[in-house]
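Coordinate inspection notes
This is what each chain is made of:
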Amino acid sequence: MISNQILQDTVEGISSITKVPLTIFDTEGHVLVKTHSDDIDEYIDAVISFSESAAESQTLHGYQFFKVNDDRQLEYVIMAKGDSDDTFMVGKMTAFQIQGLLVAYKERFDKDNFIKNLLLDNLLLVDIYNKAKKLHVDTDVKRVVFIIETKTEKDANALETVRNLFASKTKDFITAVDEKNIILVKEVRNTDTPEDLTKTAKVIVDMLNSEAMISVRVAYGTIVNEIKEVSRSYKEAKMALDVGNIFYNDRNIIAYNNLGIGRLIYQLPIPLCRMFIKEIFDGKSPDEFDDETLSTINKFFEKSLNVSETSRDLYIHRNTLVYRLDKIEKSTGLNLRVFEDAITFKIALMVVKYMKYMETMDF
């Protein structure tokens, strides 16, 4: 169904050029849009009667009526003021224009459904190529999937901004498979590199931030060569988004090929994670320390286990830092000044983050 705003813009454009007042009704006689201020309540019964008749056009009391069908199903009734041949031509032209919009919107809807099912692996291989051919979608071009995560559900403003951003790219597809994520299936050139994809992601983040005043995170998968592989790029982008939400909260752009150790931890089974935490910390959780201790640990890792630089950044005496590290060693048995113990503790912190995230997802 065409939006009322599109209908309004279309008939206003035609009416302003031809100077013929136009009204669009639905099949039940409700006014959808009109380009004049005349009272037309007395014509509602005539519209309904015309809708139920076999006629494609009709003249009544100085107005001409026209039908707009979609696959032989009546969608709209157009009422044009005037009984001249010129008015008839304007009415027919308006019906033809709206008919074209219906076809275009239907094709867009069909493509949108196709892309959604493609992303979710809901199509057989033979169906992918048959539907792609029918919808004139190229099957052998390089593509990559971007996922744009918004903070709020059903953010129409964000979706419209992304559509406008890529409006000139007729071979790109923009859709949504859930309430918070916008999906961009983008065609790429043979020469495009991961750096080019990051630039595209940055454009999306900056545009939504400046134009729509929306803060988003963008994740993307790897470039695939055929349409049947698009779902793989989507799964990679989805994994990148999850890993980013768990481990890299400070990033607003996350690439699948740059997930680091987070990629490995994300794929660990939860029972194995619990076993690891119990083995290392005897059932305790490494994130049960107070905020001061946790900030000390994180800063120590950030400064590559350098005591002098860490104490300087924390504005504490070196001996105070050593005391805190000794206290952690006494509590956990891990000396964070030793690389092997430090990496064990770092991984444990990430494992706990992963476990908590998965618990919220299961809730």
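Data block above holds the structure.
Throughout what follows, the structure given in this document is the object of discussion. In this text the structure is predicted, and so the values were computed from the model without any measurement.

So, about the overall build of the protein. Across its full length, the protein carries 13 helices and 10 strands. Its C-alpha atoms give the protein a radius of gyration of 30 Å, clearly above 21 Å, the size a compact globule of 363 residues would have. When its C-alpha atoms are laid out on the principal axes, the protein stretches across 95 × 45 × 40 Å. Buried residues in the protein amount to 44% of all 363 residues. Taking the contacts inside the protein whose residues are at least 6 apart along the sequence as the reference set, 59% of them involve residues at least 24 apart. Carbon and sulfur atoms provide 51% of the accessible area of the protein, an area that totals close to 20,400 Å². The average position of the 46 basic charges and that of the 58 acidic charges among the side chains of the protein differ by 7 Å.

We now examine the sheet that holds strand E8 (residues 181-187). Spatially, 5 strands are ordered E7-E8-E6-E9-E10 in an open sheet, and the strand pairing comes out mixed. In this open sheet, the two strands that pair with only one neighbour each are strand E7 (173-176) and strand E10 (253-255). Direction aside, neighbouring strands of the sheet carry axes that sit 20° apart on average. Note that strand E6 (residues 143-149) and strand E9 (residues 217-220) share 4 bridges and pair antiparallel. When the bridges of E9 are listed, Ile 147 appears paired with Ala 219. Running over the sheet, helix H6 (residues 194-211) touches E6, E8, E9 and E10 and is turned about 155° from E9.

This brings us to the packing of aromatic side chains. Tallied over the entire structure, the rule returns 8 aromatic pairs. With a centroid separation of 5.9 Å and an interplanar angle of 45°, the aromatic rings of Phe 50 and Phe 65 are classed as tilted. Here the residue Phe 50 occupies a position in helix H2 (residues 44-52), and Phe 65 occupies one in strand E4 (residues 63-70), the gap between them amounting to 15 residues. Summarising the burial analysis for this pair, Phe 50 and Phe 65 share the class buried. Pairing Phe 146 with Tyr 220 gives two aromatic rings, centres 5.3 Å apart and planes at 45°, and the pair type is tilted. Here the residue Phe 146 occupies a position in strand E6, and Tyr 220 occupies one in strand E9, the gap between them amounting to 74 residues. Phe 146 sits in the buried class, given a relative accessible area of 0%. Put simply, the rings of Phe 281, Phe 301 and Phe 345 touch in pairs and so form one group of aromatic residues. In this structure, Lys 67 packs its charged tip against the face of Phe 50, placed 5.1 Å from the ring centre. The ring of Tyr 248 has Arg 251 sitting right over it, with the charged end atom 4.0 Å from the ring centre.

Here we take up the pairing of E9. Side-chain alternation along E9 places Arg 217 and Ala 219 on one buried face and Val 218 and Tyr 220 on a second face that is also buried. As paired strands, E9 and E10 are joined by 3 bridges and run parallel to one another. In the sheet register, Tyr 220 faces E10, and the bridge partner there is Ala 255. Regarding the hand of the β-α-β motif, the stretch spanning E9, helix H7 (residues 230-247) and E10 is left-handed.

Here we take up helix H11 (residues 307-314). Looking at H11, one finds that the buried residues are Val 307, Thr 310 and Ser 311. Buried residues in H11, looked at end-on, bunch into an arc of 95°, giving them a common side. Contacts from the buried residues of H11 go to helix H10 (291-302) and helix H12 (318-332). The opening residue of H11, the one whose side-chain oxygen lies 3.1 Å from the backbone nitrogen of Ser 308, is Asn 306.

Turning next to unusual backbone geometry. One can expect most non-glycine residues to show negative phi and most peptide bonds to be in trans. The phi dihedral of His 136 is positive, around 60°, even though this residue is not glycine. Mapped onto the fold, His 136 is located in the loop between helix H4 (125-134) and E6. One non-glycine residue, Leu 305, lies in positive phi territory at about 65°. Take Leu 305: it is sitting in the loop between H10 and H11.

This part covers the sheet that holds strand E1 (residues 22-25). Pairing in this open sheet of 5 strands is antiparallel, and the strands run E2-E1-E5-E4-E3 from one edge to the other. On the outer flanks of this sheet lie strand E2 (31-34) and strand E3 (57-60), each paired with one strand and no other. Neighbouring strand axes in the sheet, compared pairwise and without regard to direction, differ in orientation by 20° on average. Bridge count for E1 against strand E5 (residues 73-81) is 4 bridges, and the pairing is antiparallel. Directly across from Thr 23, in E5, lies its bridge partner Met 79.

This brings us to the pattern of salt bridges. Applying the stated criterion across every chain yields a total of 15 salt bridges. Here Lys 299 ties to Glu 302 by a salt bridge, and the two come within 3.4 Å at their closest N and O atoms. One end of the pair, Lys 299, and the other, Glu 302, are both in helix H10, 3 residues apart, so they sit about a helical turn from each other. With a relative accessible area of 19%, Lys 299 lands in the buried category. Under the relative-accessibility criterion, Glu 302 is labelled exposed at 52%. Close ionic contact of Asp 326 with Arg 337 constitutes a salt bridge, the shortest N to O distance being 2.4 Å. Residue Asp 326 is found in helix H12, and its partner Arg 337 is found in the loop between H12 and helix H13 (339-362); the two are separated by 11 residues along the sequence. Among the ionic contacts, a cluster of salt bridges with common partners joins Lys 299, Glu 302, Lys 303 and Asp 313.

Rules of the game
Residues numbered from 1 in each chain as written. Predicted model: local features only at pLDDT ≥ 70, side-chain atom pairs only at ≥ 80, totals over all residues. Heavy atoms only, no water. Helix = DSSP H or I, 4+ residues; strand = E, 2+ residues; numbered from the N terminus. Rg over C-alpha atoms; globule rule 2.2 N^0.38 Å. Buried < 20%, exposed > 50% of the residue type's maximum accessible area, 1.4 Å probe, protein only. Contact = heavy atoms within 4.5 Å. Areas by Shrake-Rupley, 256 points an atom, 1.4 Å probe, with all protein chains shown as cover. Lys, Arg positive; Asp, Glu negative; His and termini not counted. Charge placed at Lys NZ, Arg CZ, Asp CG, Glu CD. Pairing = 2+ DSSP bridges. Axes fitted to C-alpha atoms, helices over the stretch in contact; angles between N-to-C directions. Phe/Tyr/Trp six-rings, centres within 6.5 Å; stacked < 30°, edge-to-face > 60°. Lys NZ or Arg CZ within 6 Å of the ring centre and 35° of its normal. Right-handed = clockwise from strand over helix to strand, strands pointing away. Arc of directions from axis to C-beta. Polar contact = N/O pair within 3.5 Å; in protein donor to acceptor, adjacent residues only side chain to side chain. Salt bridge = Lys/Arg side-chain N within 4 Å of Asp/Glu carboxyl O.

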